[in-house]
Amino acid sequence: MAEWLVEQGIGEQRALLIENGDVLAAKLRWPEEFYAGKPVRLTLFSRPAGTRRGVARDATGTDVLVDKIPRELSEGQAFDAVITRAAIAESGRLKRAQARPATSPATTSDASVDPFVIGRIVRRFPSGLWEEAWDSAASGEVAFPGGSLLFSVTPAMTVIDIDGDLSPRELALSAVPALAHTLPLFDLGGSIGIDFPSLEAKADRKAVDAAIDDALAQWPHERTAMNGFGFVHIVARLEGPSLLHRFATARVDMAARMALRRAEMVEGPGATLLTVHPALQAKLAPEWLAELERRTGRPTRVETNPGLAIEAAQAQIVPL
């Protein structure tokens, strides 16, 4: 039976849905952010006349887009709301978080489906499972027999290119299982475009469509049939930034948190030596390093090495 496991990391929470040792899905949450389903107290800041949409602010001054605003709610009034989509950073802009008043019939805040609530908290995931998701999202490439999936994040959609040296039909069919595995692994949602090889024969396109239907039967989405150019458009519920989006817009932040995870996981007596690319040093907040020392019971020393890749932080135990 599939089970959500949760690591309460430093600066982030991580969740994996695991069944028989395999990862079915992954999710990531940073505590300073809004997330879908979070109840919040907002004050309506602006509302164009005659509409049910507007902008509200929380106590910290963060703006949130709100829809389904009751007619009787006026600017300056406070109200309870539920976040329906987290903020998503894109190149050159930020899509604000979205919310609805808690009284809206279409709004739910159901903790019974929140992996970070229902998941079993563990000190660490089984070896290698989080690394698989993290490393794949960092590279934007997932290999499968005969080819690979290449991911690109754009403001309009996430684009997946399928490349390989098999025949077009074989390549397309071989890519489908990897695609079905990776979409929930990266926590992808919103508009997703998949560029399969062009298949001239209608029977070949139908075969790939059938394979996609079978592979994604348990993953909520809508999609188009493959067109003559091999393109398939998928739309899935978007609740926040995927792992891919985080690497596209906050790679250094992702790498800093992973560096802390590696430092927390090393064992033995002595001190923790954390070696990072210089760009990461400023991201390692003093309170995070203090929490690392509290959790490990060891002092921590941070050194920089410009020869390291941003994602390649190293942690080891050294003598006191």
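Going by the structure above, here's the rest.
Draft legend 1. The arrangement of the overall build of the protein in detail. A tally of helices and strands in the protein yields seven helices and 20 strands. For a compact globule of 320 residues, the expected C-alpha radius of gyration is about 20 Å, and the protein comes in at 22 Å, within 12% of that figure. In terms of overall dimensions, the protein has a C-alpha envelope of 70 × 60 × 40 Å along the principal axes. Considering the protein as a whole, with its 320 residues, one finds that 45% of them fall into the buried category.

Draft legend 2. Summary view of the sheet that holds strand E16 (residues 222-223). A sheet is described by the order of its strands in space; here six strands give the open sequence E12-E13-E14-E15-E17-E16, paired in mixed fashion. Strand pairing shows two members of the sheet lacking a second neighbour, strand E12 (141-144) and E16, which therefore form its edges. Summarising the sheet, E12 and strand E13 (residues 147-153) pair through four bridges and their orientation is antiparallel. Each bridged residue has a counterpart across the sheet, and for phenylalanine 144 the counterpart in E13 is glycine 147. Docked against the sheet, helix H5 (residues 243-265) engages E13 and strand E14 (158-164), running at close to 60° with respect to E13.

Draft legend 3. Spatial organisation of the pattern of salt bridges. Applying the stated rule across the entire model yields 27 salt bridges. The closest approach of N and O atoms between arginine 14 and glutamate 7, which form a salt bridge, is 2.7 Å. Taken as a pair, arginine 14 and glutamate 7 share a single burial class, namely buried. We note a salt bridge from arginine 257 to glutamate 32, for which the minimum N-O separation is 3.0 Å. Linking arginine 257 in helix H5 with glutamate 32 in the loop between strand E3 (22-29) and strand E4 (39-46), this pair joins segments that are 225 residues apart in sequence. A residue is classified by how much of its surface remains accessible, and glutamate 32, at 54% relative accessible area, is exposed.

Draft legend 4. Inspection of the packing of helix H3 (residues 168-185) against helix H4 (residues 202-215) at higher detail. At a minimum axis separation of 9 Å, H3 and H4 run at an interaxial angle of 15°. Taken as axis vectors, H3 and H4 run roughly parallel relative to one another. As for the relative orientation of H3 and H4, their crossing is right-handed in sense. Contact with H3, carried on its side by Arg169, Ala172, Leu173, Val176 and Ala180, involves Ala203, Asp204, Ala207, Val208, Ala211, Ile212 and Ala215 of H4 and no other residues of that element. Partitioning the contact of H3 with H4 into residue classes produces ten nonpolar, no polar and two charged.

What counts and how
- Residues numbered from 1 in each chain as written.
- Predicted model: local features only at pLDDT ≥ 70, side-chain atom pairs only at ≥ 80, totals over all residues.
- Heavy atoms only, no water.
- Helix = DSSP H or I, 4+ residues; strand = E, 2+ residues; numbered from the N terminus.
- Rg over C-alpha atoms; globule rule 2.2 N^0.38 Å.
- Buried < 20%, exposed > 50% of the residue type's maximum accessible area, 1.4 Å probe, protein only.
- Pairing = 2+ DSSP bridges.
- Contact = heavy atoms within 4.5 Å.
- Axes fitted to C-alpha atoms, helices over the stretch in contact; angles between N-to-C directions.
- Salt bridge = Lys/Arg side-chain N within 4 Å of Asp/Glu carboxyl O.
- Parallel < 35°, antiparallel > 145°, perpendicular 65-115°, else oblique.
- Left-handed = near helix turned anticlockwise from the far one by under 90°.
- Nonpolar A, V, L, I, M, F, W, Y, C, P; charged D, E, K, R; others polar.

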